[in-house]
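An overview of the molecular structure
Okay, here's what each chain looks like letter by letter:
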Amino acid sequence: MTDQSRIRNFSIIAHIDHGKSTLADRLIQRCGGLTDREMKQQVLDSMDIERERGITIKAQTVRLIYKAKDGVEYTLNLMDTPGHVDFSYEVSRSLAACEGAILVVDASQGVEAQTLANVYLALDNDLEIVPVLNKIDLPAAEPERIKRQVEDVIGLDCSDALEISAKTGIGIDELLEALVTRLPSPPVKDPSDTLRAMLVDSWYDAYLGVVILIRVMDGTIKKGQKVRFMATGVAHEVDRVGIFTPKGVMVNELGPGEMGFITAGIKAVSDCKVGDTITDERKPALEPLEGFKPTVPVVFCGLFPVDASDFEALRDAMGKLALNDSSFHAEMETSAALGFGFRCGFLGLLHLEIIQERLSREYDLDLISTAPSVVYKIKLNNGETIDLHNPADFPDVTYIDTIQEPWIKATIMVPDDYLGPVLTLCTEKRGEQRDLTYVGNRAMVVYDLPLNEVVFDFYDRLKSVSRGYASFDYELTEYREGDLVKVSILINGDPVDALAMIVHRSQAEYRGRHICGRLKDLIPRQLFKVALQAAIGGKVIARETLGALRKDVTAKCYGGDITRKRKLLEKQKEGKKRMRQFGKVEIPQSAFLEALKMGDN
Amino acid sequence: MASSSASPLALYVHWPFCKAKCPYCDFNSHVRDGIDQARWRTALLAELDAALVGFEDRTLTSIFFGGGTPSLMDPETTAALIDRATARVAPAQDIEITLEANPTSVEAGRFRDYRDAGVNRVSLGIQALDDESLRFLGREHSAAEAMTAIDLARENFPRMSFDLIYARKGQTPEAWAAELEQAIGLAADHLSLYQLTIESGTRFYTRSQLGETLTADEEVGAALYDATQERLEALGLPAYEVSNHARPGAESRHNLAYWRYWDYVGIGPGAHGRETRDGAKRATTRQRLPERWIEAVERDGHGLNEVEAVDADRQYREILLMGLRLSDGVPEDRLIRATGRGFEALDADRLQNLIDEDYAVLADGALAMTPAGRLRLNAVLGYLLA
């Protein structure tokens, strides 16, 4: 057990690409956690997607042993946190497991919206923050200007900010020393106190079962101890206690202030809620640690295999993903237009993208997703309130009293050259401006926005109107009543379930027209006219007509062509299995897939 | 002469060689140097002998020499094949013997020899009546040569047809109307008017895949088709099939045999046949590659590649997909005789939809396409049969 005064628990807060992973690697290397040979670039981001996107999805921790200038060996526990807004609750728990944080800011790029959000989370958790300017070796570095910016925007004193280059190693020793001298050690506790450890994250390992990352707050956790998870109420016997160096190393116990992992014969991560308190089964704590919140999916969409025969493979993959990701929800869904698939819930859009990408990359599945939807609260006339996340379940309007939709507080940082279009975009998305401030030539705008507008095409539009210079962050704030309607898309009078959407009345016509227009381009011409309509209830709000096919044949067909022509017909017959009938016409499923795939471009 | 009650038989002979491959053509044609005409004659005669065994009691109603370019075949070969065929199967009194010919001067110079061999109808691959279009289509002849060939054909053969390819890129309805007018003035009694289609495996296909537009778009193509129907109807050559027009009585009897699903025997490389033997319909195909075919014939006495039984269900579909090309459509009794099933076997709702949309007509015991239906026949067949 480590002497608490010699422990420093910290995380690194940084925007994507500002060098968090490189810095973590450099710290591990400097403290001898891995030999140079073992040092794979960016050790902590173990998934391909994490490495490629520079986003950490799962929290990880590394114990570093650092011999400081005072001649004493300190234990530095680096908690690597998820780096995206969708995981802000997870980030807040990772931060709550630390006493300090390194704030990494790119010395030429400056502060971005996400950094800001995470710094505020750190301040909320009373963390001591060491500001660090990275990439100081680059010619474009302007440390003085960026320091002023950090002071202006965040209000953090930068007189002691360190200037480093994680890439070349400049300033790493100074940083390690600052961690020891400037960060507080964990509060001194008696190791024999009642155990309270915070569950920071968990994942499934094929050999060990579920591995749980913990921070011991009070007491001691030991191998063989029977522990209880206070939120879920389940009890398990600890069969392994260990730390990461970053290699897994078994230890006998973890005491107050220490970080590490346990395994306890747990089969599914669904039992392991981030932020839960682990206590002793025989001598349980009276109160759990503060701050636990069950995670709830915020964004939903349907995922369907492009090839129906991939459904079983998709089901299998969903099961495996759920093993590792307790915030991912999936249940089976049937769509008349798309066949069998799953309705899935995510923490946010990025989470959705990551899952989609993992399904296609790790499981080699070709998937199509329906338009993302948020969770609406519908108050019915009978007083009941229902949560609605699938437009297909939209009740008859005559039963509806009011509909509420989730709103967010969005923070956008953007060079002032692009401010105009960003403001226009926010207004178009029903945004309400809260704040607009300038820091040098960058503007920081804060808007209240309905989440359903953000999940539609906000990211892409923001990226395009700002040429990629805007950064964006949000937090869910409240539910507000809204004039929301279900827009159905009808083909020859029959609704296409997969294309239905819930939108604000003011957007209904535009969105309906948009999708009808797209279908018109995608559906092959038929022998008969095809009416494409968008409707609210029985009222048509947009309409397109796909004219009948004008001609398709005047070639020759003689004795040698019969067999070929007949085989062509048989092939067509085969193809009809992938068709959906709407009145007189048959529409290839691929048209719907394509309509959804083109998303919101 | 055979009695008129004997069931009819049509004979197709495939000559697989061309001087050059046209960029739009996906037929079984090959460019080869130094063709041994005598060897090919012997092989075709051998296969003819084998193919006609068992059909001695039929009436031979037509012979069609197609290709490739059969006007590159020695007239002696043509004569030998006609003589052998009519010796084995009694010819109808009005037997139609057609030769496809290209209008180059060399080939036109031999028209008299083909006539002497017994050919009584020629089908000329004119394709266009101006030099620019002929160059675009990669033809070996000029417009002037075409005119000469037409004159010579008229002198030598009682019946003449020629092909034109239209709905080329940039073709206007006015220009096409003028071309049609000129064609009729050349005294053909039969015209095959094909819209340019891009078939895979052709040079045009490659070019279109690379982004080049070679054909008129769907709208223009449809307008040109409608104009063609109207124009030729007025001039006395109504359409009797999707792409074929004739003065009444001048229809190609050989091709009608295909569309009416009569029996036909096909010989030569890649030739297909539909033959009824012992009451069962069979589909025959022959070795496609000229070298393979001739080796097979020399070894086995025939170049048959595959003989497939055509069951009632398949016949039903084949009868419709061929027969609905004809303006007369398909009489229900043709289906019933061949398969025991009439129109009741079709999807009644779909049939009604086609009739309601004015694509199809059900009258006098026959199902026929309207001109609008013929213009979209692939889609109609897909709707009805797939």
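Here the structure is a predicted model, which means the values were calculated and not measured. (Residues numbered from 1 in each chain as written. Chains lettered and ligands numbered in written order. Predicted model: local features only at pLDDT ≥ 70, side-chain atom pairs only at ≥ 80, totals over all residues. Heavy atoms only, no water.)

1. Description of the overall build of chain A
- Looking only at helices and strands, one finds 13 helices and 34 strands in chain A.
- Computed over its C-alpha atoms, the radius of gyration of chain A comes to 28 Å, within 12% of the 25 Å expected for a compact globule of 601 residues.
- Considering only C-alpha atoms, chain A reaches an extent of 95 × 65 × 55 Å along its principal axes.
- Burial analysis of chain A (601 residues in total) assigns 58% to the buried set.
- Within chain A, counting contacts between residues at least 6 apart in sequence, those at least 24 apart form 70% of the total.
- Carbon and sulfur atoms form 48% of the exposed surface of chain A, whose accessible area is close to 24,900 Å².
- For chain A, the distance from the average site of its 75 positive side-chain charges to the average site of its 90 negative ones is 8 Å. (Helix = DSSP H or I, 4+ residues; strand = E, 2+ residues; numbered from the N terminus. Rg over C-alpha atoms; globule rule 2.2 N^0.38 Å. Buried < 20%, exposed > 50% of the residue type's maximum accessible area, 1.4 Å probe, protein only. Contact = heavy atoms within 4.5 Å. Areas by Shrake-Rupley, 256 points an atom, 1.4 Å probe, with all protein chains shown as cover. Lys, Arg positive; Asp, Glu negative; His and termini not counted. Charge placed at Lys NZ, Arg CZ, Asp CG, Glu CD.)

2. Some points on helix α1 (residues 37–52) of chain B
- Its 16 residues give α1(B) an end-to-end C-alpha distance of 22 Å, which sits within 8% of 22 Å, the value for a rise of 1.5 Å per residue.
- Residues B:Gln37, B:Trp40, B:Arg41, B:Ala43, B:Leu44, B:Leu45, B:Glu47, B:Leu48, B:Asp49, B:Ala51 and B:Leu52 constitute the buried set of α1(B). (Expected span 1.5 Å × (residues − 1).)

3. Concerning the UniProt feature "binding site: GTP" (unreviewed entry) in chain A
- Per the UniProt annotation, the sites labelled "binding site: GTP" (unreviewed entry) are A:Asp17, A:His18, A:Gly19, A:Lys20, A:Ser21, A:Thr22, A:Asn134, A:Lys135, A:Ile136 and A:Asp137.
- Exposure remark for A:Asn134: the relative accessible area of 3% places this residue in the buried category. (UniProt positions renumbered as here; feature names shortened; annotations may be inferred.)

4. Points about the domain arrangement of chain B
Residue and element names in this part refer to chain B.
- Considered domain by domain, chain B is made up of domain 1 (9–257) and domain 2 (313–386).
- For domain 1 and domain 2, the distance between their C-alpha centres works out to 28 Å.
- Across the interface of domain 1 and domain 2, roughly 700 Å² is buried in total on both sides, 59% from carbon and sulfur atoms.
- The largest contributions to the domain 1 side of the interface with domain 2 come from Tyr225, Glu241 and Val242, which together make up 57% of the buried area.
- Our enumeration of links across domain 1 and domain 2 arrives at 1 salt bridge.
- One salt bridge connects Glu241 with Arg325, and the closest N-O pair in it is separated by 2.6 Å. (Domains from an automatic or database assignment. Buried area = accessible area lost by both parts, 1.4 Å probe. Salt bridge = Lys/Arg side-chain N within 4 Å of Asp/Glu carboxyl O.)

5. Section: the sheet that holds strand β1 (residues 7–14) of chain A
Residue and element names in this part refer to chain A.
- The mixed open sheet is built from 6 strands, whose spatial order is β2-β3-β1-β4-β5-β6. Of all strands in the sheet, those with a lone pairing partner are β2 (60–67) and β6 (162–163), marking the two edges.
- Summarising the sheet, β1 and strand β3 (residues 73–80) pair through 5 bridges and their orientation is parallel. Residue pairing for β3: Ser11 is matched across the bridge by Met79. (Pairing = 2+ DSSP bridges.)

6. Things to note about unusual backbone geometry
Residues and elements named next belong to chain B.
- Looking along the chain, the bond that leaves Gly67 and enters Gly68 is cis, with omega of 25 degrees.
- Residues other than glycine seldom take positive phi values, yet Asp278 does so here, at roughly 50 degrees.
- Along the chain, Asp278 turns up in the loop between β10 (272–277) and β11 (280–286).
- For Asp278, a relative accessible area of 84% corresponds to the exposed category.
- In this structure, Asp358 is a non-glycine residue whose phi angle is positive, near 70 degrees.

7. Focus: the interface of chain B and chain A
- Counting from both sides, the interface comprises 47 residues of chain B and, opposite them, 28 residues of chain A.
- When the two sides are added together, the surface that chain B and chain A hide from each other amounts to roughly 3,700 Å², 54% of it contributed by carbon and sulfur.
- For A:Arg550, the salt bridge goes to B:Glu219, with nearest N and O atoms at 3.2 Å.
- Applying the counting rule to chain B against chain A returns 19 residue pairs in polar contact (both at pLDDT 80 or more).
- For the side of chain B that touches chain A, the secondary-structure elements that each account for two or more residues are β6 (190–195), α9 (218–234), α10 (253–259), β10, α12 (312–323), α14 (348–356), α15 (371–375) and α16 (377–385) of chain B. (Polar contact = N/O pair within 3.5 Å; in protein donor to acceptor, adjacent residues only side chain to side chain.)

8. Concerning the sheet that holds strand β12 (residues 240–244) of chain A
Residue and element names in this part refer to chain A.
- The antiparallel open sheet is built from 8 strands, whose spatial order is β11-β10-β16-β7-β8-β15-β12-β13. Only two strands of the sheet have a single neighbouring strand rather than two, namely β11 (235–237) and β13 (248–250). Mean inter-strand twist for the sheet, computed between neighbouring axes without regard to direction, equals 40 degrees.
- Pairing of strand β8 (residues 209–218) with strand β15 (residues 259–263) involves 5 bridges; the strand directions are antiparallel. (Axes fitted to C-alpha atoms, helices over the stretch in contact; angles between N-to-C directions.)

9. Concerning the packing of α1(B) against helix α11 (residues 290–300) of chain B
Residues and elements named next belong to chain B.
- Where α1 meets α11, the closest approach of the two axes is 9 Å, and the angle between their N-to-C directions is 65 degrees. Handedness of the crossing formed by α1 with α11: left-handed. Where α1 approaches α11, its residues Arg39, Trp40, Ala43, Leu44, Ala46 and Glu47 are matched on the opposing element by Pro290, Trp293, Ile294, Val297 and Glu298.
- Considered class by class, the residues forming the contact of α1 with α11 number 8 nonpolar, no polar and 3 charged. (Left-handed = near helix turned anticlockwise from the far one by under 90°. Nonpolar A, V, L, I, M, F, W, Y, C, P; charged D, E, K, R; others polar.)

10. Some thoughts on the domain arrangement of chain A
Residues and elements named next belong to chain A.
- The domains assigned to chain A are domain 1 (4–182), domain 2 (196–280), domain 3 (299–370), domain 4 (376–482) and domain 5 (486–596).
- Of note, the centres of domain 4 and domain 5, computed from C-alpha atoms alone, are 32 Å apart.
- Contact with domain 4, which involves 10 residues of that partner, is made by 9 residues of domain 5.
- Approximately 950 Å² of surface area, both sides summed, lies buried where domain 4 meets domain 5, with 63% of it carried by carbon and sulfur atoms.
- Ranking the residues of domain 4 by area buried against domain 5 places Pro391, Phe394 and Phe456 at the top, with a combined share of 48%.
- There are 0 salt bridges connecting domain 4 and domain 5.
- Counting across the domain 4 and domain 5 interface gives 3 residue pairs in polar contact (both at pLDDT 80 or more).
- With 3 residues, the top contributor of residues to the side of domain 4 that touches domain 5 is helix α10 (residues 451–465).
- Considering only residue class, the side of domain 4 that touches domain 5 consists of 6 nonpolar, 1 polar and 3 charged.

11. Details of the pairing of strand β3 (residues 90–101) of chain B
All names here are of chain B.
- Examined bridge by bridge, strand β2 (residues 59–67) and β3 share 6 bridges and lie parallel to one another. Across the sheet, the residue bridging to Ile63 is Ile97, located in β3.
- Once the chain exits β2 it traverses helix α2 (residues 75–88) before rejoining the sheet at β3, and the crossover so formed is right-handed.
- By the bridge criterion, 4 bridges tie β3 to strand β4 (residues 121–127) in an arrangement that is parallel. Bridging from a neighbouring strand, Ala101 pairs with Leu124 of β4. (Right-handed = clockwise from strand over helix to strand, strands pointing away.)

12. Brief notes about the environment of B:Ile95
Residues and elements named next belong to chain B.
- Looking at the element boundaries, Ile95 is found in strand β3.
- For Ile95, a relative accessible area of 12% translates into the label buried.
- In this structure the C-alpha to C-alpha distance between Ile95 and Asp189, which are 94 residues apart in sequence, comes to 17 Å.
- Not counting residues up to four positions away in its chain, the partners in contact with Ile95 are Leu60, Thr61, Ser62, Ile63, Thr86 and Asn120.

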